[in-house]
Amino acid sequence: MKISNISKLDNTDREELEKLFQDLAAKIGHDSVRDLYKIHRIIRNRFSIKHFPVFLLYKISMFGILDKDEYSQMHNKDLAKSEGVCIKTVYNLKNEYWEKKKRKKK
């Protein structure tokens, strides 16, 4: 079931969603939340992209992590476990990372 508006959630789901965001806001701080909000407005208004591209943000962050030798040498299964994502996601991200590195060397 896809819901396009938070107000359409039932109370239990809305409370759970709010709790997830409260925890995230507490973890990253208000300045980061404000920056994400501003970026979201730019994405929505300038580029007409309705949904915030969280996966792109995650991918860019992972590429930064993979630049560190200890992470780039980790097995996909171990990295997936430490990141809390599926192995296929890590496999695809690492492949894209290495392809990008090859293109930069040329």
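Owing to the predicted nature of the structure, the values given are computational and were not obtained by experimental measurement.

Caption draft 1: Molecular detail of the nonpolar core. The biggest cluster of nonpolar side chains holds 8 residues, and these are M62, F63, L66, L79, A80, V90, L93 and Y97. Counting only elements with at least two residues in this core, the list comes to α3 (54-66), α5 (76-83) and α6 (87-105).

Caption draft 2: Spatial organisation of the layout of surface pockets. Counted as a void, the largest pocket has a volume near 630 Å³. Lining the largest pocket are 14 residues, with F21, L24, L36, F52 and V54 sitting closest to its centre. When residues of the lining of the largest pocket are traced back to their parent elements, those giving at least two are α1 (11-28), α2 (30-46) and α3. Ranked by residues supplied to the lining of the largest pocket, first place goes to α2 with 5 residues. Considered class by class, the residues forming the lining of the largest pocket number 12 nonpolar, 2 polar and no charged.

Caption draft 3: Fine view of the environment of I87. Summarising the element assignment, I87 is placed in helix α6. Using a relative accessible area of 43% as the deciding quantity, one classes I87 as partly exposed. Distance in space between the C-alpha atoms of I87 and K77 is 5.7 Å, their sequence separation being 10 residues. Filtering out sequence-adjacent residues up to four positions away, I87 remains in contact with N76, K77 and A80.

Caption draft 4: Here's a closer look at α3. Here α3 contains 13 residues, and its C-alpha end-to-end distance of 18 Å stays within 8% of the 18 Å for a straight helix at 1.5 Å per residue. Taken together, the buried positions of α3 are K59, M62, F63 and L66. Down the axis of α3, the smallest arc covering the buried residues is 105 degrees, so these residues share one side. Within α3, the exposed residues directed more than 90 degrees away from the buried face are V54 and I60. Along its buried surface, α3 packs onto α4 (69-72), α5 and α6.

Caption draft 5: Geometry of a positive patch on the surface. Among the surface-exposed residues, K100, R103, K104 and K106 lie close enough to one another that they form a single positively charged patch. Looking at K100, the relative accessible area reads 37%, which means it is partly exposed.

Caption draft 6: Summary view of unusual backbone geometry. The backbone of S48 shows a phi angle near 55 degrees, a positive value even though the residue is not glycine. By the secondary structure assignment, S48 is in the loop between α2 and α3. Residue S48 is classed as exposed on the basis of its relative accessible area of 61%.

Caption draft 7: Summary view of the side chain of K94. Note that K94 resides in helix α6. Although K94 is buried, it makes no salt bridge; D78 carries the closest opposite charge, 8.8 Å away. For K94, the contacting residues outside a window of four places in its chain are L66, Y71, S72, M74, H75, N76 and L79.

The rules behind the values
Residues numbered from 1 in each chain as written. Predicted model: local features only at pLDDT ≥ 70, side-chain atom pairs only at ≥ 80, totals over all residues. Heavy atoms only, no water. Core = buried A, V, L, I, M, F, W, Y, C linked by side-chain atoms within 4.5 Å. Buried < 20%, exposed > 50% of the residue type's maximum accessible area, 1.4 Å probe, protein only. Helix = DSSP H or I, 4+ residues; strand = E, 2+ residues; numbered from the N terminus. 1 Å grid on protein atoms, 1.4 Å probe; cavity = no way out; pocket = protein on both sides within 12 Å on 5 of 7 lines; lining within 4 Å. Points joined across faces, edges and corners; volume = space filled by probe spheres on them. Nonpolar A, V, L, I, M, F, W, Y, C, P; charged D, E, K, R; others polar. Contact = heavy atoms within 4.5 Å. Expected span 1.5 Å × (residues − 1). Arc of directions from axis to C-beta. Patch = residues over 30% accessible without salt bridge, like charges linked within 9 Å, V, L, I, M, F, W, Y side chains within 5 Å. Areas by Shrake-Rupley, 256 points an atom, 1.4 Å probe, with all protein chains shown as cover. Salt bridge = Lys/Arg side-chain N within 4 Å of Asp/Glu carboxyl O. Lys, Arg positive; Asp, Glu negative; His and termini not counted. Charge placed at Lys NZ, Arg CZ, Asp CG, Glu CD.

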